[in-house]
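Here is how the chains run, residue by residue.
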Amino acid sequence: MFKKMDTALRNLGVAALFFVVVLLVGKNVGPYNQSQIAVALIIFIGVLSINILTGLSGQLSLGQGALMAIGGYSCALMINNWHLSMWIAIPLSLVSAAIAGYLLGLVAARLSGPYLAGTTLLLALALPTIANRFETVFGGETGLSIDFGTPTQWLSGIVSQDSFELWQLFVALIFATVSLFLTCNLFTSRSARSWRALRDHEPAAELMGINISRTKTQIFAISSAFAGVAGALYGLRGLVGPSVFGIALSLSLLTGSILGGVRSILGAGIGAVIVVFLPDWIGKAMHPFALADQLTNYLPALLSSLLLVLTIVINPGGIASSLYALARRARGNFKK
Amino acid sequence: MQTFLNAFFTGGSRGAIYALVALGLVLVWRGAGLINFAQMGQAMFSAYVASTLIAQGKNYWIAFIAALVVGAVLGAAIDILVIRPLKKKSGSAILNSPSMREAIPVIASLGILGILQALAGMIWAGDERGFPAPVSTSAISLGGKSAPFTPFDLFVIGTVFAILLATSLFLSKTSVGLAMRASALNSEVARLSGIRTRSIRTLGWVISGAVASIAGLFITPATNIAPNSLDLILIVGFAACVIGGLDSLMGSVLGGFILGFTTSFIGVYDVPEDIFIAIFAMLILVMLFRPQGIFGSKAGRRV
Amino acid sequence: MLEIKELSVSYDSVQAVSGISFVAETGKITTVIGANGAGKTTLLRTISGLIAPKSGGISWNGSEIQGLRPENIVRAGIAQAPEGHAVIAELTVEENIRMGALFRLRKNRDDVRAAIAEMYELFPRLAERKNQKAGTLSGGERQMLAISRALVSRPQLLLLDEPSLGLAPLIVEQIIQTVSALCRETGLTVLLVEQNANTALEVADHGVLLALGKVVASMPAAQLRADESLRAAYLGY
Ligand SMILES: Nc1ncnc2c1ncn2[C@@H]1O[C@H](COP(=O)(O)OP(=O)(O)OP(=O)(O)O)[C@@H](O)[C@H]1O
Ligand SMILES: [Mg+2]
């Protein structure tokens, strides 16, 4: 019991520290980087949803972008049609993504690796056509426009009224912090232990009395809830549409997850930062060379895919697992 | 009636192309146990190479062969550079769990798709370009009335049938084909029999890459090539495999034809936007009620 | 001559074979007997190259073969009929046999044809079921097929893993006699792994008793067979 309290407190501390550090950094960079940090925070939540699903339970979804889209569209529809406040719409879109994820999970629980991967990828690819099919509701190719609105009055002490970018960062940070706290608790919870058992040895997990298909469905729903929040926030940046939630988004979430480390929360953070900032870094590095547009346009995609494949071949645990290994070795040396 | 026949023949030639894609996927699946999402990336790349050759004034058939070779080489490269090293890595912590051992190569294949698309974008500026058909793509006229099919439809259907026949003869009648089947069915017994299963698996990648390239060439006269223009075809091919039976070669091929007809009839009688919804629904229904696929054998499914 | 030298093999945490040594003489039948989990299958899989040993060596006709891939071990003349009558159920009987000779096909087409014909002579029941799927065979026929698949590569050393598993005594007798005749006539070396000690020791020249991954006794088969105390202690009868 006390131990449980301890970890909860520790996780709370981690989350608080995260909040303060990101906010301080955010306040001290320019508007462009503020909005980039906001995107990284949103992608962080998305990558967490993959790390929960794939890292904890071993189920692979290639269409996490589709679940983000469900969150995004729900949020946009609620704000535009029902004029709900964003603070209500975002949690509600979490619910709708979780329901969708639950339904998908019902199917997914019966599917093994390749089937699940292909089906989720198909879902991600089919989504734009659904948006076109019901154009009056979903706005077709163009999509629906929404935004974060203006900072609430009482917050203007923290966020200055005139900076849209900082406001965006602030809202994303709140949800990212809550997600971080919840994921930390999830990763150390007892359920996570049985999920890992499921991931590592399904027959043994079954013998332990774990209801395989119910558990898989639950995990799918939980992971989708995270994806839904990420999707709602991602859309609130300005637009909810097929082009926003394309297959490229699913792939960059997956890339972030693998690069950072699919089994680690720290990894999700590292991965999100890499995925979001890599194009900027490449741009900076390549600037002196004045390359042709046709090269610079595709360089980020090339490098991130290359990094993905190299990570898988060389170090499938991702950056986080190497960091942990280093830390362990350092601690070992210290003890000696 | 005319509309029906049109839809029928379009469905046939489209189905033939899907069947090729499905064949390519199944060849790798049976040998290596993974769905190769990079496959249409290989096809796209070889279609670009072929279109470049044709733009330089080369003959269609030279371009055709070049595309085949590029697809095959890419297939071998993926296996040797990425998939083999992964197999060796099975000691690392993350690859210890069976679910991750399945998932990781699939993610790698997506990464390879990303690499190929980005490279194609860099080399060919990402411009969409057309690709000629070797024969006319406008309807034949028979006695003043236009027939419901084009010479290109017939060409596609004929070539695909020839390829399917050749593949099945190769697998069932030759010793290399026997080695391929044995390695896919039980690689341990195959190795104990002296079969070099690693090389045989690479051969599967090679054939799959070549077959996919043909599919790419056949689809491109209808839709222009762009780095990501073949993604959707791959997904249809995947659905075809699952619907027909991922472990059954002929099942997947039939699945391809089923989807060809379905999409064609929906496109004609309903709206094209419904195509993906229909495919998705079919896929889910088959997976729920007949997970081994319509034509797969009961025990066939690998879990 | 096959020489096992201080061989140890382990799975993640379990040590299955711990420092065993023995010799299987050319042209003789050597049998390795032991209870469930003694490490017999592990030993054969290691010889065939399916598992890498942790330490120790395996020498075959004077050259070290540990660490070679299974497909090269077969080429060196060592064939195995694995545990559980392993054949490929989805292939026909003929294809299963042909599979064992594929690697020799390019150099020696005629001899391969002859070898396949010999297998049908050896086990006429297989000839009648040539075009049947191996999955439809009875247990005994499947074991005959597994042995034929191994023999068709014309090995100098045949590794047999519990050919008696789940078979009626009569069939076991027939299979074992066939193998022992082959040994006498062609100079084939056999390493026979068995739980069924009586049958195995009857035909074998040399016996090795394995318990918990260690060699407890290695002596002429007749002597091992006569040793009541060893049998009572390790085989339970
Ligand atoms: N793949 C494996 N992973 C982990 N441990 C294994 C594996 N295979 C065998 N073992 C263990 O190694 C030991 C020896 O097994 P082995 O199969 O070699 O025994 P055996 O003598 O062939 O038994 P049997 O007569 O039942 O076939 C056993 O304790 C077994 O549990
Ligand atoms: Mg055994």
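Structure's up top.
Right, let's walk through the structure included here. This structure is a prediction, so every number in the text was calculated from the model and none was measured.

### A closer look at the overall build of chain A
Working step 1: Within chain A, the regular secondary structure consists of 14 helices and two strands.
Working step 2: Relative to the compact-globule value of 20 Å for 336 residues, chain A shows a C-alpha radius of gyration of 20 Å, a close match.
Working step 3: For chain A, the spread of C-alpha atoms along the principal axes amounts to about 55 × 50 × 50 Å.
Working step 4: When each of the 336 residues of chain A is scored for burial, the buried share is 54%.
Working step 5: When contacts within chain A are restricted to residue pairs at least 6 apart in sequence, long-range pairs at least 24 apart make up 76% of them.
Working step 6: For chain A, the exposed surface amounts to about 14,800 Å²; the carbon and sulfur share of it is 67%.
Working step 7: In chain A, 20 positive and 11 negative side-chain charges are present, and the distance between their average locations comes to 19 Å.

### Describing the arrangement of the chains
Working step 1: Most contacts, when the two pairs of chains in contact are compared, are made between chains A and B.
Working step 2: Separated without contact, chain A and chain C have their nearest C-alpha atoms at a distance of 15 Å.

### Some points on the coordination of the magnesium ion (ligand 2)
Working step 1: The coordination sphere of the magnesium ion (ligand 2) contains the protein donors Thr41(C) (OG1) and Glu83(C) (OE), at a distance range of 1.8 to 2.4 Å. Of this pair, Thr41(C) sits in helix H1 (residues 40-47) while Glu83(C) sits in the loop between strand E6 (78-81) and helix H3 (93-101), and the two are 42 residues apart along the sequence.

### Observations concerning the pattern of salt bridges
When charged atoms on two side chains of opposite charge get close, those side chains can pair.
Residue and element names in this part refer to chain C.
Working step 1: The final tally for this structure, using the stated rule, is 13 salt bridges over all chains.
Working step 2: We note a salt bridge from Glu64 to Lys5, for which the minimum N-O separation is 2.8 Å. Separated by 59 residues along the polypeptide, Glu64 in strand E5 (residues 63-64) and Lys5 in strand E1 (residues 2-10) bring together distant segments of the chain.
Working step 3: A residue is classified by how much of its surface remains accessible, and Glu64, at 45% relative accessible area, is partly exposed.
Working step 4: Residue Glu141 is joined to Arg129 by a salt bridge in which the shortest nitrogen-to-oxygen separation is 3.2 Å. Here the residue Glu141 occupies a position in helix H6 (residues 139-151), and Arg129 occupies one in the loop between helix H5 (124-128) and H6, the gap between them amounting to 12 residues.
Working step 5: Glu141 gets classed as buried once you look at its relative accessible area, which sits at 5%.

### Things to note about a nonpolar patch on the surface
Residues and elements named next belong to chain A.
Working step 1: Side chains of Trp87, Ile88, Leu92, Leu94, Val95, Ile99, Tyr102, Leu103 and Leu106 sit close together on the surface and give an oily, nonpolar patch of about 780 Å² of accessible area.
Working step 2: Turning to its location among the elements, Ile99 is positioned in helix H4 (residues 86-108).
Working step 3: The class for Ile99 is partly exposed, based on a relative accessible area of 49%.

### What about the side chain of Ser93(A)?
Working step 1: Following the sequence through the fold, Ser93(A) ends up in helix H4.
Working step 2: If we ignore the near neighbours within four places in the chain, the residues touching Ser93(A) are Gly71(A), Ser74(A), Cys75(A), Met78(A), Gly228(A) and Ala232(A).

### Quick look at the sheet that holds strand E3 (residues 29-33) of chain C
Residues and elements named next belong to chain C.
Working step 1: On the basis of which strands lie adjacent, the open sheet formed by six strands has the order E6-E7-E8-E3-E9-E10 and mixed pairing. At either margin of the open sheet sits one strand with a lone partner, and together these are E6 and strand E10 (214-220). Adjacent strand axes in the sheet meet at a mean angle of 15° when their direction is disregarded.
Working step 2: Sheet topology places E6 next to strand E7 (residues 157-161); four bridges connect them, and they run parallel. Bridge pairing in E7 places Ala81 opposite Leu160.

### Focus on the interface of chain B and chain A
The figure often quoted for interface size is the accessible area lost as the parts come together.
Working step 1: Across the boundary between the two partners, chain B contributes 58 residues, which contact 45 residues of chain A.
Working step 2: With both sides pooled, the region where chain B packs onto chain A buries about 4,500 Å², and carbon together with sulfur makes up 77% of that total.
Working step 3: The interface formed by chain B and chain A holds zero residue pairs in polar contact (both at pLDDT 80 or more) in total.
Working step 4: Those elements that provide at least two residues to the side of chain B that touches chain A are helix H3 (60-88), helix H4 (98-124), helix H9 (231-244) and helix H11 (274-289) of chain B.
Working step 5: It is H4(B) that provides the largest number of residues to the side of chain B that touches chain A, a total of 21 residues.
Working step 6: Classifying every residue of the side of chain B that touches chain A gives 43 nonpolar, eight polar and seven charged.

### Quick notes on the interface of chain C and chain B
Working step 1: Every contact between the two is made by 24 residues of chain C and, on the other side, 20 residues of chain B.
Working step 2: In total, about 2,000 Å² of surface goes out of reach between chain C and chain B, with carbon and sulfur atoms giving 59% of it.
Working step 3: On the chain C side of the contact with chain B, Glu71(C), Ile88(C) and Leu102(C) bury the most area, a combined 24% of that side's loss.
Working step 4: Where Glu188(B) meets Arg45(C), a salt bridge forms, and the shortest distance between an N and an O atom there is 2.5 Å.
Working step 5: Breaking the side of chain C that touches chain B down by element, the ones donating at least two residues are helix H2 (70-75) and H3 of chain C.
Working step 6: Sorting elements by how many residues they give to the side of chain C that touches chain B places H2(C) first, with five residues.
Working step 7: Residue composition of the side of chain C that touches chain B, grouped by class: 12 nonpolar, four polar and eight charged.

### Some points on the packing of aromatic side chains
Working step 1: For the structure shown, the criterion picks out 25 aromatic pairs over all chains.
Working step 2: Arranged with centres 5.2 Å apart and planes meeting at 80°, the rings of Tyr73(A) and Phe138(A) form a pair that is edge-to-face. In this pair, Tyr73(A) sits in helix H3 (residues 64-82) while Phe138(A) sits in helix H6 (residues 135-138), placing the two residues 65 residues apart along the sequence.
Working step 3: Among the aromatic residues, those joined into a ring-pair cluster are Phe4(B), Phe8(B), Phe9(B), Phe261(B), Phe265(B) and Tyr269(B).

### So, the sheet that holds strand E4 (residues 55-60) of chain C
Residue and element names in this part refer to chain C.
Working step 1: Here four strands make up an open sheet; going across it, the order is E2-E1-E4-E5 and the pairing antiparallel. Each having just a single partner strand, strand E2 (15-24) and E5 make up the two edges of the open sheet.
Working step 2: Pairing of E4 with E5, which is carried by two bridges, proceeds in the antiparallel orientation. Bridging across to E5, Trp60 finds its partner in Ser63.
Working step 3: In the packing of H1 onto the sheet, the strands contacted are E1, E2 and E4, and the crossing angle to E1 comes to about 115°.

### Description of the environment of Leu105(C)
All names here are of chain C.
Working step 1: Within the secondary structure layout, Leu105 lies in the loop between H3 and helix H4 (109-122).
Working step 2: By relative accessible area, which is 15% here, Leu105 ends up buried.
Working step 3: Counting along the chain gives 18 residues from Leu105 to Val87, while the straight-line C-alpha distance between them is 20 Å.

### Observations regarding empty space enclosed by the protein
Residue and element names in this part refer to chain C.
Working step 1: Per the counting criterion, the structure on display carries three cavities of 30 Å³ or more.
Working step 2: What the largest cavity holds in volume is close to 50 Å³.
Working step 3: Along the walls of the largest cavity sit Ile29, Leu160, Pro163, Ile175, Ile176, Val179, Val190, Leu192 and Val203, which together make up its complete lining.
Working step 4: Broken down by secondary-structure element, the contributors of at least two residues to the lining of the largest cavity are helix H7 (169-186) and strand E8 (189-194).
Working step 5: Considering each element in turn, the lining of the largest cavity owes the most residues, three residues, to H7.
Working step 6: Of the residues that constitute the lining of the largest cavity, the class distribution is nine nonpolar, no polar and no charged.

### A word on the nonpolar core
Working step 1: Ranked by internal contacts, the top residues of the largest apolar core, which has 258 residues, are Phe37(B) and Phe218(B).
Working step 2: In contact with Phe37(B), other than residues within four places in its own chain, are Leu62(A), Ala117(A), Gly118(A), Leu121(A), Val106(B), Ser109(B), Leu110(B), Leu113(B), Leu234(B) and Ile235(B).
Working step 3: Phe22(C), Ala24(C), Ile47(C) and Leu157(C) belong to the second-largest nonpolar core, a separate cluster that totals 25 residues.

### What about the packing of H3(C) against H6(C)?
Residue and element names in this part refer to chain C.
Working step 1: Viewed as axis vectors pointing N to C, H3 and H6 meet at an angle of 30°, and their least axial separation amounts to 6 Å. When the interaxial angle is binned, H3 and H6 end up roughly parallel. As for how H3 packs across H6, the hand of that crossing is right-handed. Residues Val93, Asn96, Ile97, Met99 and Gly100 of H3 lie in contact with H6, whose contacting residues are Leu145, Ser148 and Arg149.
Working step 2: Per-class residue counts for the contact of H3 with H6 are four nonpolar, three polar and one charged.

### Here's the deal with the site of ligand 1
Residues and elements named next belong to chain C.
Working step 1: In the region of ligand 1, 13 residues are neighbours, and Asn36, Lys40, Thr41, Thr42 and Glu83 sit closest.
Working step 2: The contact in question runs from a nitrogen atom of ligand 1 to an N or O atom on the side chain of Tyr11, over 3.4 Å.
Working step 3: Here an oxygen atom of ligand 1 and a side-chain polar atom of Gln195 are 3.0 Å apart.
Working step 4: Burial of ligand 1 by the protein amounts to 63% of the accessible area it has alone, namely 630 Å².
Working step 5: Residue contributions to the shell around ligand 1 peak at three residues, all from H1.
Working step 6: Counted by class, the shell around ligand 1 contains four nonpolar, six polar and three charged residues.

Reading the values: the criteria
Residues numbered from 1 in each chain as written. Chains lettered and ligands numbered in written order. Predicted model: local features only at pLDDT ≥ 70, side-chain atom pairs only at ≥ 80, totals over all residues. Heavy atoms only, no water. Helix = DSSP H or I, 4+ residues; strand = E, 2+ residues; numbered from the N terminus. Rg over C-alpha atoms; globule rule 2.2 N^0.38 Å. Buried < 20%, exposed > 50% of the residue type's maximum accessible area, 1.4 Å probe, protein only. Contact = heavy atoms within 4.5 Å. Areas by Shrake-Rupley, 256 points an atom, 1.4 Å probe, with all protein chains shown as cover. Lys, Arg positive; Asp, Glu negative; His and termini not counted. Charge placed at Lys NZ, Arg CZ, Asp CG, Glu CD. Donors = N, O, S within 2.8 Å, 3.2 Å for Na, K, Ca; no water. Salt bridge = Lys/Arg side-chain N within 4 Å of Asp/Glu carboxyl O. Patch = residues over 30% accessible without salt bridge, like charges linked within 9 Å, V, L, I, M, F, W, Y side chains within 5 Å. Pairing = 2+ DSSP bridges. Axes fitted to C-alpha atoms, helices over the stretch in contact; angles between N-to-C directions. Buried area = accessible area lost by both parts, 1.4 Å probe. Polar contact = N/O pair within 3.5 Å; in protein donor to acceptor, adjacent residues only side chain to side chain. Nonpolar A, V, L, I, M, F, W, Y, C, P; charged D, E, K, R; others polar. Phe/Tyr/Trp six-rings, centres within 6.5 Å; stacked < 30°, edge-to-face > 60°. 1 Å grid on protein atoms, 1.4 Å probe; cavity = no way out; pocket = protein on both sides within 12 Å on 5 of 7 lines; lining within 4 Å. Points joined across faces, edges and corners; volume = space filled by probe spheres on them. Core = buried A, V, L, I, M, F, W, Y, C linked by side-chain atoms within 4.5 Å. Parallel < 35°, antiparallel > 145°, perpendicular 65-115°, else oblique. Left-handed = near helix turned anticlockwise from the far one by under 90°. Near = heavy atom within 4 Å.

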